[in-house]
Amino acid sequence: MLKCTGAAGKAAPVFCLQEALTMKKLPILYVIFAGLAWGSAGLFVHVLSAHFSSLELALTRASVSAILALLVALFTDRKSLKVSLSQFWPLALAGGAFFSMASFYYMGIRNSSTSTAAVILNMAPVFVMVFSTIFWGEHFTLKKGLAVAAAVVGCALVTGIVGGMVFAPIGLLYSFLSCISYATYSITVRTAAKRGVTAATSNTYIFLIASVVACFFASPGGLIRTASGLSPWITLALVGFGAVTGFLASFLYTKAMERLPAGVVASMSAIEPLTLTVTGIVFLHDTVTVYSAIGMVMILGSVFVLSLENHENK
């Protein structure tokens, strides 16, 4: 319960109302800015892909986020870095999935379009629901079934399979692989949470593990050499890419989860694919037809319904 203490020159009830509004507004702003931070990935990739590979971008995102998350943990709560072996394994799987999700997603953007890759990536809740039904025995409702059907039809419209559009199969493949990786990431993070791992601890370990995995696929030394030979602005954009789309977005999302119902946060996070889609259309000249626009609405609506259904049943 909110305790009103009053303030000089203000009536206590008025001050209490202002405190209450502030407490509600800040978490909502956290979600909005987290979605905007995630949604800025398309612009960063468009600028940086001329100089770095998708694997190098995934390495940058993971390593910059890991350094920042580790520094925050060391200076604020070192005990949060302690996890048991049973807690570590789902985090290890989540870290690998986090890296593969980012890598395939950036490949999808480069080989299709920002809007297509973004919408397909955010079909992950559909796969999470299917996996949860198969492996965890969660109840399959009519609402879930209709949402999945709408998502499948929407995907056919967005990708151009329906509507006569010309589409790049390799770009769609990468986008679907990023979606499956995202679903795997979501399931393993949920498993870690059920074993008592906090969101902040989970983020720190996932970034660290993703960085280690990334080093097997992309050379840190080669990345540094390439960056050192480019304009300082490109290097700054590279570091900003990791800090904004990785650490900052996850930090804000975690803060929002601490003070808002999970269903509210999940539904509001739809601003991420919308941001990616809009920036792709406005800044990168992605083409959107009537069919693909209808498909985007169907997929985002399905994700919204499944997210609320999922969190209501927790």
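Residues numbered from 1 in each chain as written. Predicted model: local features only at pLDDT ≥ 70, side-chain atom pairs only at ≥ 80, totals over all residues. Heavy atoms only, no water.

Q: I tried to follow the overall build of the protein chain on my own but got confused; where do I start?
A: On a plain count of helices and strands, the protein chain comes out with 14 helices and zero strands. Within the protein chain, the proportion of its 314 residues that are buried is 46%. For the protein chain, long-range pairs separated by at least 24 residues make up 84% of all intrachain contacts whose partners lie at least 6 apart in sequence. On the protein chain, roughly 15300 Å² of surface is accessible, and the fraction owed to carbon and sulfur atoms is 72%. (Helix = DSSP H or I, 4+ residues; strand = E, 2+ residues; numbered from the N terminus. Buried < 20%, exposed > 50% of the residue type's maximum accessible area, 1.4 Å probe, protein only. Contact = heavy atoms within 4.5 Å. Areas by Shrake-Rupley, 256 points an atom, 1.4 Å probe, with all protein chains shown as cover.)

Q: What exactly am I supposed to notice about a nonpolar patch on the surface here?
A: A cluster of nonpolar residues, L26, L29, F33 and L36, forms a patch on the protein surface that exposes about 330 Å² of accessible area. Under the relative-accessibility criterion, L29 is labelled partly exposed at 38%. (Patch = residues over 30% accessible without salt bridge, like charges linked within 9 Å, V, L, I, M, F, W, Y side chains within 5 Å. Salt bridge = Lys/Arg side-chain N within 4 Å of Asp/Glu carboxyl O.)

Q: Please explain the packing of helix α4 (residues 85-111) against helix α8 (residues 169-194) as it appears in this structure.
A: When two helices pack together, their arrangement is given by the angle between the helix axes and by the axis-to-axis distance. Where α4 contacts α8, the axes come no closer than 7 Å and their chain directions differ by 160 degrees. Judged on the interaxial angle alone, α8 and α4 are roughly antiparallel. For α4 against α8, the interelement crossing comes out left-handed. Along the lines of polarity and charge, the residues of the contact of α4 with α8 split into 17 nonpolar, 10 polar and no charged. (Axes fitted to C-alpha atoms, helices over the stretch in contact; angles between N-to-C directions. Parallel < 35°, antiparallel > 145°, perpendicular 65-115°, else oblique. Left-handed = near helix turned anticlockwise from the far one by under 90°. Nonpolar A, V, L, I, M, F, W, Y, C, P; charged D, E, K, R; others polar.)

Q: Before we go on, may I ask you to explain the packing of aromatic side chains in this structure?
A: Given two aromatic rings, their pairing is described by the distance between the two centres and the angle made by the two planes. Under the criterion given, the structure shown has 11 aromatic pairs. Ring plane angle 70 degrees and centroid distance 5.4 Å describe the contact between F98 and F207, whose orientation is recorded as edge-to-face. On the criterion of sequence distance, the pair formed by F98 in helix α4 and F207 in helix α9 (residues 199-214) is long-range, its members being 109 residues apart. Taken as a pair, F98 and F207 share a single burial class, namely buried. Ring plane angle 20 degrees and centroid distance 5.9 Å describe the contact between F247 and F251, whose orientation is recorded as stacked. You can see F247 and its partner F251 sitting in helix α11 (residues 232-259), four residues apart, about one turn around the helix. With relative accessibility at 18%, the residue F247 sits in the buried group. Under the relative-accessibility criterion, F251 is labelled partly exposed at 39%. Joined through ring pairs, the aromatic side chains of F44, Y105, Y106 and F241 make up one cluster. (Phe/Tyr/Trp six-rings, centres within 6.5 Å; stacked < 30°, edge-to-face > 60°.)

Q: Help me out: how do you make sense of the confidence of the model for the protein chain in this one?
A: Low pLDDT means the predicted atomic positions in that stretch should not be read closely. On average, residues of the protein chain score 77 in pLDDT, and 69% of them reach the 70 mark or higher. The element-level mean pLDDT for the protein chain is lowest in helix α12 (residues 262-268), coming to 52, with helix α3 (residues 54-76) highest at 93. Contacts for the low-pLDDT stretch residues 1-22, under 50 throughout, to residues beyond four places or in other chains number 15 contacts. (pLDDT = per-residue confidence, 0-100.)

Q: Looking at this model, I keep getting lost on the packing of α3 against α9. Mind explaining?
A: At a closest axis distance of 8 Å, the pairing of α3 and α9 adopts a crossing angle of 140 degrees. Taken together, the axes of α3 and α9 are oblique relative to one another. Handedness of the crossing formed by α3 with α9: left-handed. Of α9, the residues touching α3 (which contributes L59, A62, S63, S65, A66, A69 and L70) are T204, F207, L208, A210, S211 and A214. Counted by class, the contact of α3 with α9 contains nine nonpolar, four polar and no charged residues.

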